[in-house]
Structure formats: C-alpha cells, structure tokens
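Coordinates in review
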Amino acid sequence: QALDYGGAFGVSTLFLVLPPIMVWRERYGEEETPLTTPPMVPFGKIPLASLWKAAATLILEQGADKLGVFEFIEKIAAKYT
C-alpha cells in the first residue's frame with residue numbers, strides 16, 4: 001500500500017509539478033539572465049500555469065480516490081435516489 005501511495009504521488013510530483021516550476025523559475029525568476037535557448041513552450045505564462053493547474057487537479061483527484069471520497073459520495077447519492 002505504501003508503494004501505491006508513493007508511486008501515485010511521487011511520480012505525479014516528479015513529472016507533472018516540477019517541470020513547469022523549473023521552467024517558470026528559469027524564465028521569470030529573480031535573476032535576470034538571458035535564456036541560452038529559445039523557449040520550447042510558446043505563449044509564455046499561460047501554458048505553464050495551465051500545466052501546473054492540470055497537475056494539481058490530477059494529484060487532488062488521486063488523493064480523493066485514495067481517501068475513498070468518491071465511494072463515500074456514491075453511497076450518499078445512492079441513499080437519496
């Protein structure tokens with residue numbers, strides 16, 4: 001069970017949260033150094049923020065699934081229908 005949690009949240013953090021944060025800090029961080037290569041993700045801040053929001057949504061969904069929130073909501077919905 002620990003591997004299930006570690007895999008779900010560790011991989012999500014590693015591959016979904018960290019890359020947009022690293023790009024954001026490189027482009028818009030406190031240090032004003034010119035970029036050595038042109039940006040691979042066009043349109044600036046909007047796609048980076050969208051990637052981060054999608055990652056946060058997936059992590060929250062995984063957390064809710066692991067905590068049994070969806071089953072709890074299904075039971076309550078079945079009770080009132």
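Right above here is the structure, for reference.
Below is a summary of the structure that appears in this document. Note that the structure is a prediction, hence the values are computed from the model and not measured.

1. Focus: the environment of T37
Relative to the helices and strands, T37 resides in the loop between α1 (2–28) and α2 (45–67). According to the relative accessible area criterion, T37 is exposed, its value standing at 54%.

2. Notes on α2
Here α2 contains 23 residues, and its C-alpha end-to-end distance of 33 Å stays within 8% of the 33 Å for a straight helix at 1.5 Å per residue. Every buried residue belonging to α2 is among L48, A55, G63 and A64, and all of these are buried. Packing partners of the buried residues in α2 comprise α1 and α3 (69–80). Phi turns positive, to about 85°, at G68, one or two residues after α2.

3. Description of the packing of α2 against α3
Viewed as axis vectors pointing N to C, α2 and α3 meet at an angle of 65°, and their least axial separation amounts to 5 Å. Here α2 lies roughly perpendicular to α3, going by the angle between them. Residues E61, A64, D65 and L67 of α2 pack against V69, F70 and E71 of α3. Here the residues of the contact of α2 with α3 sort into four nonpolar, no polar and three charged.

4. Description of the side chain of R27
Inspection of the secondary structure assignment puts R27 in helix α1. Look past the residues within four positions of R27 in its chain and what remains in contact with it is L35, P39, M40, V41, G44 and L48.

5. Concerning the packing of aromatic side chains
Counted under the stated rule, the structure contains one aromatic pair. Its end group placed over the ring of Y28, K45 keeps NZ or CZ at 4.9 Å from the ring centre.

Criteria and cut-off values
Residues numbered from 1 in each chain as written. Predicted model: local features only at pLDDT ≥ 70, side-chain atom pairs only at ≥ 80, totals over all residues. Heavy atoms only, no water. Helix = DSSP H or I, 4+ residues; strand = E, 2+ residues; numbered from the N terminus. Buried < 20%, exposed > 50% of the residue type's maximum accessible area, 1.4 Å probe, protein only. Expected span 1.5 Å × (residues − 1). Contact = heavy atoms within 4.5 Å. Axes fitted to C-alpha atoms, helices over the stretch in contact; angles between N-to-C directions. Parallel < 35°, antiparallel > 145°, perpendicular 65-115°, else oblique. Nonpolar A, V, L, I, M, F, W, Y, C, P; charged D, E, K, R; others polar. Phe/Tyr/Trp six-rings, centres within 6.5 Å; stacked < 30°, edge-to-face > 60°. Lys NZ or Arg CZ within 6 Å of the ring centre and 35° of its normal.

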